[in-house]
Amino acid sequence: MANEKLVIKLEPRSISACASLPPKLAFMKNALQHQVDVFEQSRNADIVLNSSPTGTGKTEASCTVLLHNPTQSAVYVAPTNALVEQQREALEKFVREAGLRHVVKSASAREVREWPNDVSNRPGEKLYNVLRNPATVFSDVGANRPIILVTNPDIFYYATFFAYNKNDRTNIASAFYQKFGTVIFDEFHLYDAKQLVSLLFYLTYSYVFGFFEYGRRVVLLTATPEPACELALRNLEFKGVKIAWINGETDNSHFLPSQTAVNLELRSQPEKDEWLRELADEVTKRFQENPSQNGAVILDALVNINDLYQLLKQRGLVNAIGRITGPAPKADRKRAMQRPIILATSTVDVGFNFERNPTPTRQNLDWLIFSSRDRFSFWQRLGRVGRVLGKSETNIDSEAIGYLPEKAWEQGLSTLDCTGGRAALKQILDSIPCLDKPFLDVYWRSEAFLEIARPLLELEEKFENLPGIELIMQLFNTLKETLGGNRDWDYYRRRMRTLRGAEDIVKVSAKKLTLKSQWKYIKGGQAFVKKFLEVHYPFEVEELKAKRASIEEFEKLFQEDDEAGKELKDFAEIWSASYAPLFQFRSGLFDSLQIRDPQGLLLDDSEETILDPLHLLRYYEFVEDGEFVVVTARAEVTYELNFRMRYRDSYQDFVNKELNKLTAFPDCRIERRLGSAIAPTPLLKVLEKHLLPGVIVCGVKNAATIFQLRKQGIVSYPIVIACDDAEKEYKFLPGLAGILTMAMKSKQLRLPDDEPFII
């Protein structure tokens, strides 16, 4: 199967040019039709979805919507910090040329921290002040100017889901929900299930609370719409939301070339070592035969890019290669773009143009080699090669090699009609199940509603006893109809109050008077104590149900019994840690590390960056040097990572209480293995987490499932459970992966209070 190959020629692509510009867009001069369509359609549409091809000016198209709300502020959400900076520059240029009064400010977490501290040091308060009046933070900004805030999905999520600290969360959420006349989501096809939930929540809120009626316009930019998200938008459209769908390749007879013809070879991906040698041979051959051509290799795994770099370095090509990866600093990326051979990870999937200086008269990339796990990244990466919009030479064919999972060939790729061009290729790729994005539908049908219960509960409490409280139920029901779901609001309200009580109890000391005597005044405190009693004191719960006792009577228990107070606090910590991955925007198990790379194993020119500690542990040798970790060598053999947990009870108790259960595990440490032997594992501070959330399952019973998940990039880890009377090895699915995995495979999963979790 590894020798499977197909060759297909993809016809050139064109984009509709505009024959006549509306007067308000005269400053754009050579506008494309889809840019004008966005402007015209957004006069009346609530939402505009622009799915024009990559590299055809969707950003500028979205900016035209600002002209309909010239005095109101706007927010532009770009999926990476690198793109935030790039789009800030694009928006500043558009504002100047269009004669708008907006001030444009970019807002990543780092940038907000670096904003002036004259009024406040709290990032949340600074962000709110900038939205309220930019002049209060920036002395060079005139008073009462509208703002365009260019930010990332993280900040948008934390703002709209009330995730900032208690002093700022309400103000920030209120600003994000009420202030913006124009809202733009760039490259939203790259959002994962959680990120899409926050986007759809915002759209639904805008509909239910009437913001569309008062002129709010939302623009969604994507070259590859996600079917599940498109279905959700269709559901909103059915409810009455006005949506305009624009693709830029129809409705006009005047076309401009946007992408050359591409001679595409599809290959199945061999085993890693064989594959990297094959890639190195292919790149070397292309460079030697056509040294004047520019090309790129885009792979999913960072380690594959760096190992390929070392192979090509051994062949004497080091001066021709540049790496563009997540750890690569901005300066390294700019230098890398000028090299004839670029090695890149998914970092370049998002708004990346492979700009050359001087600009070639033909395409910037003549050839491309890439791998892809799903059809969305396939089309996104293929769209990077052969871009010729605005070029003088547009008829030079480009070359591409695409590696797809072996499963794709088993599921029908081998039946591709190689004479059918792009349409035939799209049809066959759309029919291959293994190229679907995992978890999207499953997440929406499982715990997504607990996630959206947090902002819903906050909104409900803000509207209590006010006109409009009925809109909260309408908002929930609309989301339920849009995303799907089978629980009512009372269930999620109750569960969210319990979780919020646990989170607040964690913040106070078990020895302090606050917890001993005032737990019942903590928001959700009484709800959580009831849950605590259900799990640990079932007899007392029966007394409560029979009304022979009241919840207030347990105040005496926590006042007089320190052990009971500690037990309550411990349960609250486990409960809140178990659910924490649902409310965190990024899914990494550990925080990134600051590293130094003096030997250029990861970086081309710079020496300092940040890196995922699990990647470091698996692939590199290193030493600690003050606040930095210094990478010293590529590991001769890739380490296997596993966890070890000390369970201070019997093995049968572990099986009964912790197996197949969403929870958070104490006394866990990570180890490196070479085969069956434990290798020395440096103790990094970033790995020292008190509780690790996730699910532990039997590896033998779930072997087929775990194998399928690994093929989709979902990693499980061996975990050794050391009990008083036995040691056994299981599989650990950390963080959100545990919830999604069990849900995707329709396995029953117990929650921290032992209630069943069933999709």
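Our structure's up above, just so we're on the same page.
Each value, and the rule that gives it
- Residues numbered from 1 in each chain as written.
- Predicted model: local features only at pLDDT ≥ 70, side-chain atom pairs only at ≥ 80, totals over all residues.
- Heavy atoms only, no water.
- Helix = DSSP H or I, 4+ residues; strand = E, 2+ residues; numbered from the N terminus.
- Buried < 20%, exposed > 50% of the residue type's maximum accessible area, 1.4 Å probe, protein only.
- Contact = heavy atoms within 4.5 Å.
- Expected span 1.5 Å × (residues − 1).
- Pairing = 2+ DSSP bridges.
- Phe/Tyr/Trp six-rings, centres within 6.5 Å; stacked < 30°, edge-to-face > 60°.
- Lys NZ or Arg CZ within 6 Å of the ring centre and 35° of its normal.
- Core = buried A, V, L, I, M, F, W, Y, C linked by side-chain atoms within 4.5 Å.
- Axes fitted to C-alpha atoms, helices over the stretch in contact; angles between N-to-C directions.
- Parallel < 35°, antiparallel > 145°, perpendicular 65-115°, else oblique.
- Left-handed = near helix turned anticlockwise from the far one by under 90°.
- Nonpolar A, V, L, I, M, F, W, Y, C, P; charged D, E, K, R; others polar.
- Salt bridge = Lys/Arg side-chain N within 4 Å of Asp/Glu carboxyl O.

### Topic: the environment of L10
Along the polypeptide, L10 turns up in strand β1 (residues 5-10). Judged by its relative accessible area of 0%, L10 falls in the buried class. Counting along the chain gives 410 residues from L10 to G420, while the straight-line C-alpha distance between them is 8.5 Å. Not counting chain neighbours up to four residues away, the residues in contact with L10 comprise A261, V262, L264, L382, G421, R422 and L425.

### Remarks on helix α10 (residues 272-289)
Because the α-helix completes a turn every 3.6 residues, residues three or four places apart line up on one side. When the terminal C-alpha atoms of α10 are compared, their 26 Å separation across 18 residues agrees well with the 26 Å that a helix rising 1.5 Å per residue should span. Listed as buried for α10 are W275, L276, L279, A280, E282, V283, T284 and R286. Those residues of α10 that are buried lie in contact with β11 (262-268), β12 (295-298), α11 (302-314), β14 (341-344), β15 (367-371) and β16 (398-404).

### Focus: the pairing of strand β18 (residues 608-611)
On β18, burial follows the alternation: T609 and L611 on one face are buried, whereas E608 and I610 on the facing-out side are not. Pairing geometry for strand β17 (residues 593-596) and β18, over four bridges, is antiparallel. Among the inter-strand pairings, L593 is bridged to a residue of β18, identified as L611.

### Quick notes on the packing of aromatic side chains
Each aromatic ring pair is summarised here by two numbers: the centre-to-centre distance and the angle between the ring planes. For the structure on display, the rule yields 33 aromatic pairs. Ring plane angle 80 degrees and centroid distance 5.5 Å describe the contact between F643 and Y717, whose orientation is recorded as edge-to-face. Of this pair, F643 sits in strand β21 (residues 640-646) while Y717 sits in strand β26 (residues 717-722), and the two are 74 residues apart along the sequence. Each of the two residues, F643 as well as Y717, counts as buried. Residue placement shows K105 over the ring face of F138; its charged tip is 3.9 Å from the ring centre. The ring centre of F211 lies 4.4 Å from the NZ or CZ of R216, which sits over that ring.

### Observations concerning unusual backbone geometry
With an omega dihedral of 5 degrees, the bond running from N357 to P358 counts as a cis peptide bond. Inspection of the secondary structure assignment puts P358 in the loop between β14 and β15. Unlike most non-glycine residues, K29 shows phi in positive territory, near 60 degrees. You can see K29 is positioned in the loop between β2 (13-16) and α1 (33-41).

### Brief notes about the nonpolar core
F176, F185 and L220 are the most contacted members of the largest nonpolar core, which has 99 residues in total. Ranked by residues supplied to this core, first place goes to helix α8 (residues 193-208) with 10 residues. Non-local contacts of F185, meaning those with residues more than four positions away in its chain, are made with V77, F156, Y191, L199, Y202, V218, V219, L220 and L221. If you look at the next biggest cluster of nonpolar residues, it comprises 39 residues, including I595, I670, L684 and I719.

### So, the packing of helix α13 (residues 375-382) against helix α15 (residues 421-430)
Running from N to C, α13 and α15 point in directions that differ by 155 degrees, and their axes come no closer than 10 Å. When the axes of α13 and α15 are compared, the pair comes out roughly antiparallel. In this structure, α13 meets α15 at a crossing whose hand is right-handed. For the pair formed by α13 and α15, the contact residues are R375, F378 and W379 on the first element and R422, L425, K426, L429 and D430 on the second. Taken together, the residues that form the contact of α13 with α15 break down as four nonpolar, no polar and four charged.

### Regarding the sheet that holds β26
Each strand in a sheet pairs with its neighbour through backbone hydrogen bonds, running either in the same direction (parallel) or in the opposite one (antiparallel). Sheet architecture is open: seven strands sit in the order β22-β25-β27-β26-β21-β23-β24, paired in mixed fashion. Two strands bound the open sheet, and with one partner strand each, they are β22 (663-665) and β24 (677-679). Across the sheet, the mean angle separating the axes of adjacent strands is 50 degrees when strand polarity is ignored. Bridge count between β21 and strand β23 (residues 668-674): six bridges; the pairing is antiparallel. Counted as the bridge partner of R644 is R669 from β23. Helix α24 (residues 562-579) contacts β22 and β25 (692-697) of the sheet and is inclined by roughly 110 degrees relative to β22.

### Details of the sheet that holds β15
The strand order β1-β11-β16-β15-β12-β14-β13 describes an open sheet built from seven strands, whose pairing is mixed. Across the chains shown, the open sheet's two edge strands, defined by having one partner strand only, are β1 and β13 (321-324). Neighbour-to-neighbour, the strand axes of the sheet open up by a mean angle of 15 degrees, direction not taken into account. Where β12 lies against β15, four bridges are found, and the strand directions are parallel. Looking across to β15, one finds that A296 is bridged to L368.

### So, helix α19 (residues 489-506)
Compared with an ideal rise of 1.5 Å per residue, which puts 18 residues at 26 Å, α19 spans 26 Å between its outermost C-alpha atoms and is within 8% of the ideal. Of all 18 residues in α19, 13 are buried; the element is thus mostly enclosed.

### Some remarks on the packing of helix α6 (residues 153-160) against α8
It is at 10 Å that the axes of α6 and α8 come closest, and there the two elements cross at 55 degrees. Here α6 lies oblique to α8, going by the angle between them. Considering the relative orientation of α6 and α8, their crossing is left-handed. On α8, the residues touching F156, Y157 and T160 of α6 are K194, S198 and Y202. Looking at side-chain class alone, the contact of α6 with α8 contains three nonpolar, two polar and one charged residues.

### A word on the side chain of Q35
When you line up the elements, Q35 lands in helix α1. Take Q35: its relative accessible area is 4%, and that puts it in the buried class. If sequence neighbours within four positions are ignored, Q35 has contacts with M28, T56, G57, E60, A61 and T64.

### Observations concerning the pattern of salt bridges
Applying the stated criterion across every chain, the model contains 44 salt bridges. The salt bridge partner of D430 is R375, with a shortest N-O separation of 3.7 Å. Here D430, found in helix α15, pairs with R375, found in helix α13; they are 55 residues apart in sequence, far enough to count as distant. We note a salt bridge from R596 to E608, for which the minimum N-O separation is 3.1 Å. Taken together, the residues R596 in strand β17 and E608 in strand β18 connect sequence positions 12 residues apart. Where salt bridges share partners, they join K5, E265, R267, E278, E282 and R286 into one cluster.

### What about the pairing of β1?
Side-chain alternation along β1 places L6, I8 and L10 on a buried face and K5, V7 and K9 on a face that remains uncovered. As paired strands, β1 and β11 are joined by six bridges and run antiparallel to one another. Counted as the bridge partner of V7 is E265 from β11.

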